[in-house]
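An overview of the molecular structure
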Amino acid sequence: MCYNPRLMGRLCSTRYEREARQRGWTRIAGLDEAGRGSLFGPVVAAAVILNPRRRIVGLDDSKKLSPDRRTILAERIREHALAWAVAEVPADRIDAWNIYQASRQAMTAALEQLRVTPDYLLLDAMRLDVLIEQKPLIKGDTRSVSIAAASILAKTSRDRRLEELDALYPHYGLARNKGYGTPDHLEALRIFGPSPLHRFSFAPVRESACWSSGATQEPLPLMETLAST
């Protein structure tokens, strides 16, 4: 079935959670990640089991919310959810595995850290290699409140982590751009080259390691010989 957001009405709802409960599942976890397209730092995933008796108003895709609103909602999620967990996979493992597999590993790690074991998973267009019933949803963070809650926790946790790392690597504007390929970040990569926490498997980082303006290249002995003849 084709996904058409114009036919869905208000997208983010409890529809998929209610459908799962009608089928007998009771501990429903939403999972999502943040930082998948970033050039720097970890990919962060969260898993959340919301309390069906404690509604949190305003849950939606974290990208649609202001930073202040995300912060408020993250506090409410941590306070009222039946269980929640956050996990990250660092840049060197992203380079070793690729970002898709690293995102799955981060989600699996978050899932394993939940203090309540879920019996049903709602995920944003992804499946995990776990023996738990699961339903991937295209644009899941805009359609399921559980996935939206996970996206908010993942996003706020990663933003906080990048703000901390900004103090260690001030050249790149990480507190502002959160490691994404903004013009100021790309310019910093051109001038200073990448840091140890950049994702070298991503083309802009890989290319900047070769062509940063601060890089030097020693002439080859053969070229020195030819120049003297």
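It should be emphasised that the depicted structure is a prediction, and the values quoted were computed from it without experimental measurement.

**Notes on the overall build of the chain**
When helices and strands are tallied, the chain shows 9 helices and 5 strands. The order of α-helices and β-strands along the chain, N terminus first, is α-β-β-α-β-α-α-β-β-α-α-α-α-α. Expressed as a percentage of the 229 residues in the chain, the buried residues total 47%. Sequence-distant contacts in the chain: of pairs separated by 6 or more residues, those separated by 24 or more amount to 62%.

**Here we look at unusual backbone geometry**
The phi dihedral of Asn-98 is positive, around 100°, even though this residue is not glycine. Within the secondary structure, Asn-98 sits in the loop between helix H3 (91–97) and helix H4 (99–113). Even without being glycine, Lys-178 reaches a positive phi, approximately 55°. Within the secondary structure, Lys-178 sits in the loop between helix H6 (174–177) and helix H7 (183–192). The exposure class of Lys-178 is buried, given its relative accessible area of 12%.

**With respect to the confidence of the model for the chain**
Low pLDDT marks stretches whose predicted atomic positions should not be read closely. Within the chain, residue pLDDT values average 90, and 87% of them lie at 70 or more. Scored below 50 in pLDDT, residues 1–9 makes 10 contacts in the model with residues more than four places away or belonging to other chains.

**With respect to the sheet that holds strand S3 (residues 83–89)**
Within the open sheet, the 5 strands sit side by side as S3-S2-S1-S4-S5. Their pairing is mixed. A single partner strand is all that each edge strand has here, and the edge strands are S3 and strand S5 (133–137). Looking at each pair of strands side by side, their axes are set apart by 20° on average, direction ignored. As judged from the 4 bridges shared by strand S1 (residues 28–34) and strand S4 (residues 120–124), these two strands associate in the parallel manner. What sits directly across from Gly-30, in S4, is Leu-122.

**Section: the side chain of Asp-166**
You can see Asp-166 is positioned in helix H5 (residues 145–168). Among the polar contacts made by the side chain of Asp-166, one reaches the main-chain amide nitrogen of Ala-175 at a distance of 3.4 Å. In contact with Asp-166, not counting residues within four places along its chain, are Gly-173, Leu-174 and Ala-175.

**Describing the packing of aromatic side chains**
Under the defined criterion, the tally for this structure stands at 2 aromatic pairs. On the numbers, 5.9 Å between centres and 65° between planes, the contact of Phe-40 with Tyr-169 is edge-to-face. Of this pair, Phe-40 sits in the loop between S1 and strand S2 (43–49) while Tyr-169 sits in the loop between H5 and H6; the two residues are 129 residues apart in sequence, bridging distant segments of the chain. Residue classification places Phe-40 among the buried residues on the basis of a relative accessible area of 0%.

**Here we look at the nonpolar core**
Counting residues in hydrophobic clusters, the biggest one holds 33 residues, and the most contacted among them are Leu-31, Leu-114 and Leu-121. Those elements that place two or more of their residues in this core are S1, S2, S3, H4, S4, H5 and H7. Top contributing element to this core by residue count: H4, with 6 residues. With residues up to four places along the chain from it excluded, the contact list for Leu-31 reads Ala-46, Ala-47, Met-107, Leu-111, Leu-121, Leu-122, Leu-123, Asp-124, Leu-128, Ile-147 and Ala-150. Counting 19 residues, the second-largest nonpolar core is a separate cluster that includes Ala-46, Leu-50, Leu-65 and Ala-148.

**Some remarks on the environment of His-171**
In this fold, His-171 is placed in the loop between H5 and H6. In this structure His-171 comes out as partly exposed when scored by relative accessible area, which is 46%. The contacts of His-171, once residues within four sequence positions are left out, are Ala-188 and Phe-192.

**Digging into the environment of Asp-95**
Looking at the element boundaries, Asp-95 is found in helix H3. Under the relative-accessibility criterion, Asp-95 is labelled partly exposed at 26%. Placed 105 residues apart in sequence, Asp-95 and Phe-200 show a C-alpha to C-alpha distance of 6.4 Å. Not counting chain neighbours up to four residues away, the residues in contact with Asp-95 comprise His-198, Arg-199, Phe-200 and Ser-201.

Reading the values: the criteria
Residues numbered from 1 in each chain as written. Predicted model: local features only at pLDDT ≥ 70, side-chain atom pairs only at ≥ 80, totals over all residues. Heavy atoms only, no water. Helix = DSSP H or I, 4+ residues; strand = E, 2+ residues; numbered from the N terminus. Buried < 20%, exposed > 50% of the residue type's maximum accessible area, 1.4 Å probe, protein only. Contact = heavy atoms within 4.5 Å. pLDDT = per-residue confidence, 0-100. Pairing = 2+ DSSP bridges. Axes fitted to C-alpha atoms, helices over the stretch in contact; angles between N-to-C directions. Polar contact = N/O pair within 3.5 Å; in protein donor to acceptor, adjacent residues only side chain to side chain. Phe/Tyr/Trp six-rings, centres within 6.5 Å; stacked < 30°, edge-to-face > 60°. Core = buried A, V, L, I, M, F, W, Y, C linked by side-chain atoms within 4.5 Å.

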